[in-house]
Amino acid sequence: MPDLLVTGGAGFIGANFVHYWLREHHASRVVVLDALTYAGNLANLDAVRGDARFTFVHGDICTEGLAAGLLRDHALDTIVHFAAESHVDRSILGPDAFLRANITGTHELLKAARQVWLDEGRMPVERVRFHHVSTDEVYGSLGFDDPPFTETTPYAPNSPYSASKAASDHLVRAYHHTYGLPVTTSNCSNNYGPWHFPEKLIPLLIVNVLDGRTIPVYGDGRNVRDWLYVEDHARAIDAILGRGRVGEVYNVGGRAEAANIDIVRRVCALVDDRLRADAALRARFPQSPAATGGDATSLITFVADRPGHDRRYAIAPDKLAAETGWAPRETLATGLARTVDWYLAQEPWWRGIMDGSYRDWITTHYATRERVG
Ligand code: NAD
Ligand code: TYD
């Protein structure tokens, strides 16, 4: 059973992966390395912090020697690399942090893996794996009638975020071809689910509807994303670690394309339904339109578009399905319902974020976006 170094394990997908992994693999140890940036939150890992198989290390993947020391000291044979700056809007405002974390950080990890696993030979090479978690955004933007991205779609990243992730994908590939490092890469579509930081569309929507704040919809709201429930992503990585071929790239997606405005309407309807059915929820969220007989869609506000906003992403996960048998378990309907219910049940978690330093971002970024239409 592999023993894992999970980078970025205190973030959204990383934390979901750690919970999933420790639940599914009882004989496996997990060391999380996370810098606890604004997006990292130790509370995301509360449920596993007492587990003897789990260790948390507060540190930066860019720190030379840190990851190598962890691989040696904990005798780890697998890296699952999530750590990154991940929000497109922030990458437009300040690309430098993205180049540092996503490119330099990935390179430091590759150097560590090469040194400890290959040069020092501390593990049989057949046992080790560097799994790189990447995004479908490296492929650029699709037209409405284009076929979905496949693993052979040429790279055409359009934002500083996707360009930095594309660079990291190329470095991972190069370490395999040049040094023989056993790697796999997954390029996944948009995730949603528990512990999702409320700057991204779906959690932002839920908390804004509950607190009666406006819902900022960029441009005409017709941009399409292909949504995947986060636990299905964790299961896909597990499938790739177990049955994927070394040196290969796998696209991961839920075959669940939806226009942003449709996601907005669906989440509004879900929150309204929950409040209409439950007086206690109406009392807890008095600012939410449904608490006073209104409709959450009244909060929709069309705002100035994101610069360079990719029109459509869509993923064909056929290779992953054919080689590993993976298929998503959640549909958009079941996944969105589970997500809304999680946010209703975990108010202290997102209140902690909304009342902390993130409040500055809400006021500078969202509150100042120009309204259109
Ligand atoms: P996130 O922003 O929620 O979490 C990122 C985590 O990485 C945080 O815990 C943060 O503290 C940590 N981190 C950042 N820089 C670090 C550094 N220099 N050293 C150590 N830790 C650092 O991101 P997420 O949404 O969970 O995404 C995780 C990974 O999955 C990223 O690589 C992202 O590109 C990829 N991805 C995300 C999505 C999505 O929809 N969110 C889709 C496909 C791929
Ligand atoms: P986001 O969650 O930031 O993910 P990504 O940009 O990586 O796809 O955004 C998803 C879509 O929602 C994207 O087309 C931008 C749009 N969006 C809004 O319309 N309003 C918002 O407030 C946010 C955060 C995103």
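Residues numbered from 1 in each chain as written. Chains lettered and ligands numbered in written order. Predicted model: local features only at pLDDT ≥ 70, side-chain atom pairs only at ≥ 80, totals over all residues. Heavy atoms only, no water.

Right, let's get into the site of ligand 2. Residues in contact with ligand 2 amount to 18 residues; listed here are only the nearest, Glu137, Pro216, Arg225, Arg306 and His309. Asparagine 190 has a polar side-chain atom sitting 2.9 Å from an oxygen atom of ligand 2. Within the side chain of histidine 309, a nitrogen or oxygen atom sits 2.7 Å from an oxygen atom of ligand 2. When the free accessible area of ligand 2 is taken as 510 Å², the share hidden by the protein chains comes to 97%. For the shell around ligand 2, the secondary-structure elements that each account for two or more residues are α6 (201-211) and β8 (215-218). Looking at the shell around ligand 2, the element that brings in the most residues is β8, giving three residues. Looking at the shell around ligand 2 residue by residue, the classes come out as eight nonpolar, five polar and five charged. (Near = heavy atom within 4 Å. Polar contact = N/O pair within 3.5 Å; in protein donor to acceptor, adjacent residues only side chain to side chain. Areas by Shrake-Rupley, 256 points an atom, 1.4 Å probe, with all protein chains shown as cover. Helix = DSSP H or I, 4+ residues; strand = E, 2+ residues; numbered from the N terminus. Nonpolar A, V, L, I, M, F, W, Y, C, P; charged D, E, K, R; others polar.)

Quick look at the site of ligand 1 now. In the vicinity of ligand 1 there are 27 residues, among which Ile13, Asp34, Ser86, Tyr161 and Lys165 approach most closely. Within the contact set of ligand 1, an oxygen atom lies 2.6 Å away from a side-chain nitrogen or oxygen of lysine 165. In isolation ligand 1 has 830 Å² of accessible area, and contact with the protein removes 96% of it. When residues of the shell around ligand 1 are traced back to their parent elements, those giving at least two are α1 (12-24), β5 (129-135), α5 (160-179) and β7 (190-192).

Remark: helix α8 (residues 260-276) packs on helix α11 (residues 332-345), axes separated minimally by 10 Å, with the N-to-C direction vectors making an angle of 55 degrees. One finds that α8 runs oblique with respect to α11. Regarding α8 and α11, the two cross each other, and that crossing is right-handed. Seen from α8, the contacting residues are Ile263, Arg266, Val267, Leu270, Val271 and Arg274; seen from α11, they are Leu332, Ala333, Leu336, Ala337, Val340, Asp341 and Leu344. A class-by-class count of the residues in the contact of α8 with α11 yields 10 nonpolar, no polar and three charged. (Axes fitted to C-alpha atoms, helices over the stretch in contact; angles between N-to-C directions. Parallel < 35°, antiparallel > 145°, perpendicular 65-115°, else oblique. Left-handed = near helix turned anticlockwise from the far one by under 90°. Contact = heavy atoms within 4.5 Å.)

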